[in-house]
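# Structural characterization, general
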Amino acid sequence: MNYHSDKYIMDGVREHYNEALEYFPEDRIVGIFYQGSGNYGLDTPTSDIDTKLIITPTFEDIAMNRQPISTTHIRADDSHTDWKDIRLMLQTFRKCNLNFLEILFSPYRIINHLYAEEWNRLIENNELIANYDPCRAVKTMCGLARRKYEQMEHESPSHHSDIEKFGYSPKEFHHLLRIEEYIERYINGVSYQDCLMSEKADYLISVKRGCYALGDARLIAKAAIDHIERMCNKFLEDEWPTNKDVDTLLDGVQYEIMKIAIKKEISD
């Protein structure tokens, strides 16, 4: 159960959207989507509202072969919005990274009416897209888990106060345990929607708040990463084909959205 209400999260998403309009004309914005703990039922009093903003390129961007936009905009309150060109976003879906796929399942979103019909095709097929390439999905999850394990005691500006207080980052630790649960359920055929929502939310929130001493956290983290690697290695012994229907869907949605955007720009 999230600490913040649905209204609170949506109000935050709306604030991010309104700020995005200071940088991009509305016709270029495909949509803005909440990302993070609230999509997993792990929102706490200190959780930020972070979002992903998907935009279309201009005709000039395409004609001049400019690099697609992919950057993180830090807001005044230190929350952030990832700005992503739709061409890159749809390619990212093929990488099966849960940190991107989650926006296809999040109820916290604002979608431009110009592109809603096309984007809703992705939402309607979110389970197919999430399972586009099971091997890549498991490899990506395993790689993400390794990064969380390595970052748990790694000194950085964002972890400094926690490492000073606990000797490690409880946030990275809880992410590692969340991914362990997620991978196990994914491999066992649980729907992606259900995989996103932890069955151990109260426990993970207590971990995130620093319930373990450093020594115990190290032991549990080591057991978790070992378990993850065993599960992933076992899964990857088999061959899993990619879903070519998803390629057709992603290509079609990208084409139609960009066609709408360019026609609108030229006609204006």
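The shown structure was predicted, so the numbers you read here are calculated from the model rather than taken from an experiment.

### Structural notes on the overall build of the chain
Broken down by element type, the chain carries 13 helices and five strands. The C-alpha atoms of the chain give a radius of gyration of 19 Å, which matches the 18 Å a tight globule of 268 residues would have. Judged by the C-alpha coordinates and their principal axes, the chain covers about 65 × 45 × 35 Å. Within the chain, the proportion of its 268 residues that are buried is 51%. For the chain, the proportion of contacts with a sequence separation of at least 24, taken over those separated by at least 6, is 75%. In the structure as shown, the chain presents an accessible area of about 13400 Å², 50% of it carried by carbon and sulfur atoms. Of the charged side chains in the chain, 32 are positive and 46 negative, and the gap between their average positions amounts to 2 Å.

### Section: the nonpolar core
Residues F93, W119, L122, I129 and Y192 are the most contacted members of the largest nonpolar core, which totals 60 residues. Top element by residues in this core is helix 12 (residues 214-235). It accounts for eight residues. Within the second largest apolar cluster, 14 residues are counted, among which are Y17, I32, I49 and W83.

### Things to note about the packing of helix 9 (residues 170-187) against helix 11 (residues 201-208)
At a minimum axis separation of 7 Å, helix 9 and helix 11 run at an interaxial angle of 155°. When the axes of helix 9 and helix 11 are compared, the pair comes out roughly antiparallel. Here P170, K171, F173, H174, L177, R178 and E181 of helix 9 lie close against helix 11, whose contacting residues are Y203, L204, V207 and K208. Each residue belonging to the contact of helix 9 with helix 11 can be placed in one class, and the counts come to six nonpolar, one polar and four charged.

### Describing the pairing of strand 3 (residues 70-74)
Across five bridges, the pairing between strand 3 and strand 4 (residues 80-85) is antiparallel. Within strand 4, the residue paired with S70 across the bridge is K84.

### Looking at the sheet that holds strand 2 (residues 50-55)
Spatially, 3-4-2-1-5 is the arrangement adopted by the five strands of the open sheet, whose pairing is mixed. Whereas interior strands pair on both sides, the edge strands pair on one side only; in this sheet they are strand 3 and strand 5 (109-111). With direction set aside, neighbouring strand axes in the sheet form an average angle of 15°. In this sheet, strand 4 lies alongside strand 2 in parallel orientation, the contact comprising five bridges. If you follow T51 over to strand 4, its bridge partner there is T81. Sheet contacts for helix 3 (residues 86-94): strand 1 (29-35), strand 2, strand 3 and strand 4; angle to strand 4, the most-contacted strand, approximately 95°.

### Thoughts on the side chain of R75
With respect to the helices, strands and loops of the structure, R75 is situated in the loop between strand 3 and strand 4. Of the residues examined, R75 reaches a relative accessible area of 9% and is grouped as buried. Setting aside residues up to four positions removed in sequence, R75 forms contacts with E15, H16, E19 and T81.

### Digging into the layout of surface pockets
Space inside the largest pocket adds up to approximately 1100 Å³. Contributing to the lining of the largest pocket are 37 residues, with D50, K148, K171, E172 and H175 lying nearest its centre. Within the residue set of the lining of the largest pocket, elements represented by two or more residues are strand 1, strand 2, strand 4, helix 7 (134-151), helix 8 (160-166) and helix 9. Top contributing element to the lining of the largest pocket by residue count: helix 9, with seven residues. Residue composition of the lining of the largest pocket, by class: seven nonpolar, 16 polar and 14 charged. Within this model, the second largest pocket holds a volume of roughly 160 Å³. As for the second largest pocket, its lining consists of Y8, D11, G12, E15, H16, S47, D48, I49, R75, D77 and S79. A breakdown of the residues in the lining of the second largest pocket according to their chemical character gives two nonpolar, four polar and five charged.

### Digging into helix 12
Its 22 residues place the ends of helix 12 31 Å apart at the C-alpha level, agreeing with the 32 Å of an ideal helix rising 1.5 Å per residue. For helix 12, the complete set of buried residues consists of A217, A221, A224, I225, H227, I228, M231, C232 and F235. Seen from one end, helix 12 has its buried residues packed into an arc of 165°, which puts them on one side. Facing away from the buried side of helix 12, by more than 90 degrees, are the exposed residues L219, R230 and K234. Against helix 7 and helix 9 lie the buried residues of helix 12.

So, how was this worked out
Residues numbered from 1 in each chain as written. Predicted model: local features only at pLDDT ≥ 70, side-chain atom pairs only at ≥ 80, totals over all residues. Heavy atoms only, no water. Helix = DSSP H or I, 4+ residues; strand = E, 2+ residues; numbered from the N terminus. Rg over C-alpha atoms; globule rule 2.2 N^0.38 Å. Buried < 20%, exposed > 50% of the residue type's maximum accessible area, 1.4 Å probe, protein only. Contact = heavy atoms within 4.5 Å. Areas by Shrake-Rupley, 256 points an atom, 1.4 Å probe, with all protein chains shown as cover. Lys, Arg positive; Asp, Glu negative; His and termini not counted. Charge placed at Lys NZ, Arg CZ, Asp CG, Glu CD. Core = buried A, V, L, I, M, F, W, Y, C linked by side-chain atoms within 4.5 Å. Axes fitted to C-alpha atoms, helices over the stretch in contact; angles between N-to-C directions. Parallel < 35°, antiparallel > 145°, perpendicular 65-115°, else oblique. Nonpolar A, V, L, I, M, F, W, Y, C, P; charged D, E, K, R; others polar. Pairing = 2+ DSSP bridges. 1 Å grid on protein atoms, 1.4 Å probe; cavity = no way out; pocket = protein on both sides within 12 Å on 5 of 7 lines; lining within 4 Å. Points joined across faces, edges and corners; volume = space filled by probe spheres on them. Expected span 1.5 Å × (residues − 1). Arc of directions from axis to C-beta.

Remember that the coordinates give geometry; whether it matters functionally is a separate question.
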